[in-house]
Amino acid sequence: MDATNISELSEARQRAAGMVCYAPKMILTKGVWENENPLDYSVPLFLVQLLVVSCLGRVIHLVFKPFRQPKALSQILCGIILGPSILGRSSFIIESFFPLRSVILYDTMANIGLVFNLFLVGIEMDIFHSFRVEGRSIAIAVVSMILPFAISCCTSYILENHIPKELNNGKFIIFLALAASVSAFQLLSRVLVELKILNTEIGRIAMQSSFLNDVFSWFAVIIFLVVAKNDNMSASPVWVIICSVAFILFFIFVIRPALWLLIRRTPEGKSFSELSISLILAGVMLAGFVSEVIGVHAIFGAFIFGLVIPSGPLVQVLVERLEDIVTGILLPLYYAGFGLRAKITRSGSPYNWSIVIIISFAFLGKAIGTFLAALVYRMPLRDAATLSALMNAKGLIELVILNQGLEHEIIDSTSFSVMMFATVFTIGITIPLITIIYKPSSKLVTYRGRAIDKAKSETELRVLVVVQSSRNVPTIINLLEASNPITGLPLCVYVLHLAELTGRASAMLITHGTQDKGTAPLNTAQAQSENILQEFKKMEEQNRGMTVQPQTAISPFATMHEDICNMAEDKKVAFIIIPFHKQQTVDGEMTTTNPEIQKVNQRVLENAVCSVGILIDRGLGGISSMAGTEVAHHIAVLFFSGPDDREALAYGMRLGQHPNNNVTVIRFVPGKQAKLESEYGHLPRRSHRPTPMDTEKFLDDDYIREFKLLEAHNESLNYAEAVVNDSEETVAAVKSVDKIHDLFLVGRRQGVLSNLTEGLTEWSETPELGAIGDLLVSPDFPAKVSVLVVQHYLQ
């Protein structure tokens, strides 16, 4: 058997459909000891195929991983290498590992993997609550599909003389235009996560637009295939469409409520029964079967079933059960199958060039349409160009469409190969192209250096508050209300509730306030998020001059800091408040809630482009929040030296402008012995040129002078000095601070060396708090009060 025959795998499928011979004893081998070749039997041969595809695909992915290419590209390239284009030119390899007799079993398992993968994709799309579509996303999705479709149709019509006569020109033109105008929602979500722009404005628009494009494409392809399979004027296409709509409605209004009932009957924290999971997995296969009976692809039923499954613990269980086996073993068979069917030819026939021209024009049409639509909505030029590249991303849906066209003889093997290679090329260049176009650094130039001290002269202070759990809410609300003076200094609060990504393959950012009133939460996590954010909205209603904008970010712990930093950058906030990874227990001890939160906090401190405060919650003002007029706090600012301490003092001065707050600044001044030790060993200076230490001291004195001016006109402000010579005296002085205070403000003092704190960090378990912050939260510290450790942003 030569390579030419092997390249016609589509014809082999058609011939296989008419086979009547059956060898029941050629399924399992008796072993090599019976002089049998295991590769002559179905099961051993399939296991070898599975092993080869999985291992080779992994190796190729390791090669392309530094270039941040998706796994789908590696798996398709795996098929190309094994297919008639490269290794398949050897008749020995083809006859031994991928003979024609194995086509039916291979394709069956690959399509089973595709069915369950589309089920997982449906689970990934939380369209019933989280997915709020903007008007501009709808416009971009429509334009980015209609324009390339129209351009492809026109170009195909002009070049129709080069289309083989055995193909139906009308069907071929429409199908080619449909395949060229789609976007890849699933691949795009991975690209956005990889480029760390998922939760930015451009990422949100791209996700919504590609999702709508996918939906339009699916329905257009389904309708087209139904009509294409019925050349006569029968009523079957109408019935297929009617049954498909009824199928969707049945799953929304019958299956989804039944799943809700299952979730509610499962106690929180308890696992779902094996019977429940088995019924759901059986439902995937039943949904696929019913959709095949209706006259559409089995993936349609599996996808709809995935869409109606409520987000939450059930999704997490299903993904844990399916994701590894589906995406790691079965789906690579489907992707590799495209490479096995494609063949690289040296022929530069007008037909091949016609397809390339059509695809190129469609690519340009989609890019231009998306770019113009983005400009209409006043997006920056660079963002509009990035969105154009994102919307041209291709992936699974286009490959499925091509496969359907080949199986229904709408396109031939030549056009299939050309379009498949075009898809591979598009997948490969997407991330590098976007990396070149999208330059977020230009956005940072105008933003770097935001801090509380730099925002003092502005009329509005922007603060980003991060919430991990409902236990953080009362203290954070009391702190924000204490930060909102009744005088004309408005406070803009962006609340970001962080939820760990469980069960979803793609992170997402949910903007609250657009949901319908009275809508029930989808799950426990959603209910907690709504309750948390409702508390902040209530705070907004009770405080004049304060605005609150709540959002929820669902992402893995490894990328949570990116959500925080990106939002701070987008909203141009001056201060981020993040919760400490430990919480106080009933007996007053601090216990770790989740060690991953500590890593998130450390990454935020390293990457944030504004000032950051870590809030150690010890019940500021009690376990419940208070109205703004009831705020009454005694606040102590421990001031040593350096930019972090000055930033803490700047925040303390804002707190001091609230009429019910009492703020005391305690400056720790080096004694004579400390001054001598700091100067010991240094040669006398020959010039009076100021040193960095002199500059820092000048800035410290300037801030203290400003606070003293405020103190002269405000009885609630107090200033005191503590003279200390070493770290032991510093610890004693801090412990002796008046016990009436319920909040300490202290700088992290990153990179600041001082005899006053020398040796305090050697045994520290929380370096993100600095020497003094770690002391205040240690079990040895007598007062159990809330602490805010502040880090000033330094360029």
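Below, the structure is looked at part by part. It should be emphasised that the depicted structure is a prediction, and the values quoted were computed from it without experimental measurement.

## Describing the nonpolar core
Line of reasoning, step 1. Of all hydrophobic cores here, the largest spans 125 residues; its most connected members are Phe 119, Phe 305, Ile 309, Leu 314 and Leu 387.
Line of reasoning, step 2. Per-element tally for this core: the top contributor is helix 14 (residues 313-341), with 15 residues.
Line of reasoning, step 3. Residues contacting Ile 309, with those up to four places away along its chain left out, are Phe 119, Ile 123, Arg 256, Leu 259, Ile 280, Leu 314, Val 315 and Leu 318.
Line of reasoning, step 4. Judged by nonpolar contacts, the second largest core, of 51 residues, contains Phe 580, Ile 597, Val 737 and Leu 776.

## So, the side chain of Thr 766
Line of reasoning, step 1. With respect to the element layout, Thr 766 can be found in the loop between strand 12 (743-747) and helix 28 (770-777).
Line of reasoning, step 2. Residue class for Thr 766 comes out buried when judged on its relative accessible area of 2%.
Line of reasoning, step 3. Within the structure, the side chain of Thr 766 is placed 2.4 Å from the side chain of Asp 774, a separation counted as a polar contact.

## A word on unusual backbone geometry
Line of reasoning, step 1. Look at Arg 378: it is not a glycine, yet its phi comes out positive at around 60 degrees.
Line of reasoning, step 2. Tracing the backbone through its elements, the reader meets Arg 378 in the loop between helix 15 (350-376) and helix 16 (381-391).
Line of reasoning, step 3. Among the residues examined, Arg 378 registers a relative accessible area of 78% and is labelled exposed.
Line of reasoning, step 4. With a phi angle near 55 degrees, Lys 572 is a residue other than glycine that sits in the positive phi range.
Line of reasoning, step 5. Structurally, Lys 572 can be placed in the loop between helix 22 (560-571) and strand 5 (575-579).
Line of reasoning, step 6. On the basis of relative accessible area, Lys 572 is assigned to the partly exposed category, the value being 35%.

## Quick look at the environment of Thr 695
Line of reasoning, step 1. Along the chain, the position of Thr 695 falls in helix 26 (residues 692-712).
Line of reasoning, step 2. Measuring from C-alpha to C-alpha, the distance between Thr 695 and Gly 642 comes to 9.9 Å, with 53 residues separating the pair along the chain.

## With respect to empty space enclosed by the protein
Line of reasoning, step 1. A complete count under the given rule lists six cavities of 30 Å³ or more for this structure.
Line of reasoning, step 2. Of the pockets and cavities examined, the second largest cavity occupies roughly 110 Å³.
Line of reasoning, step 3. Surrounding the second largest cavity, Val 53, Ser 54, Gly 57, Arg 58, His 61, Lys 71, Ser 74, Gln 75, Thr 327, Gly 328 and Pro 332 form its lining.
Line of reasoning, step 4. Put simply, the parts of the chain that give the lining of the second largest cavity at least two residues each are helix 3 (42-64), helix 4 (71-82) and helix 14.
Line of reasoning, step 5. Of all the elements, helix 3 adds the most residues to the lining of the second largest cavity, at five residues.
Line of reasoning, step 6. For the lining of the second largest cavity, the per-class residue count stands at two nonpolar, seven polar and two charged.

## Quick word on the packing of aromatic side chains
Working definition: an aromatic ring pair is given by the centre-to-centre distance plus the angle between the planes.
Line of reasoning, step 1. Under the counting rule described, the total for this entry stands at eleven aromatic pairs.
Line of reasoning, step 2. Ring centres of Phe 250 and Phe 251 lie 5.9 Å apart, and the angle between their planes is 85 degrees; this geometry places the pair in the edge-to-face category.
Line of reasoning, step 3. You can call Phe 251 buried: its relative accessible area is 7%.
Line of reasoning, step 4. On the basis of an interplanar angle of 50 degrees and a centroid distance of 5.2 Å, the ring pair of Phe 575 and Tyr 651 is categorised as tilted.

## A closer look at the pairing of strand 1 (residues 461-467)
Line of reasoning, step 1. In terms of residue burial, strand 1 counts as a mostly covered element, since six of its seven residues are buried.
Line of reasoning, step 2. Taken together, the seven bridges between strand 1 and strand 2 (residues 491-500) define a ladder with parallel strand orientation. Counterpart to Val 467 in the pairing with strand 2 is His 497.
Line of reasoning, step 3. The pairing of strand 1 with strand 5 spans three bridges and is classified as parallel. Note on strand 5: the bridge partner recorded for Val 465 is Ile 577.

Cut-offs and rules
- Residues numbered from 1 in each chain as written.
- Predicted model: local features only at pLDDT ≥ 70, side-chain atom pairs only at ≥ 80, totals over all residues.
- Heavy atoms only, no water.
- Core = buried A, V, L, I, M, F, W, Y, C linked by side-chain atoms within 4.5 Å.
- Buried < 20%, exposed > 50% of the residue type's maximum accessible area, 1.4 Å probe, protein only.
- Helix = DSSP H or I, 4+ residues; strand = E, 2+ residues; numbered from the N terminus.
- Contact = heavy atoms within 4.5 Å.
- Polar contact = N/O pair within 3.5 Å; in protein donor to acceptor, adjacent residues only side chain to side chain.
- 1 Å grid on protein atoms, 1.4 Å probe; cavity = no way out; pocket = protein on both sides within 12 Å on 5 of 7 lines; lining within 4 Å.
- Points joined across faces, edges and corners; volume = space filled by probe spheres on them.
- Nonpolar A, V, L, I, M, F, W, Y, C, P; charged D, E, K, R; others polar.
- Phe/Tyr/Trp six-rings, centres within 6.5 Å; stacked < 30°, edge-to-face > 60°.
- Pairing = 2+ DSSP bridges.

From the geometry alone we can't say anything about function, so treat these as descriptive.
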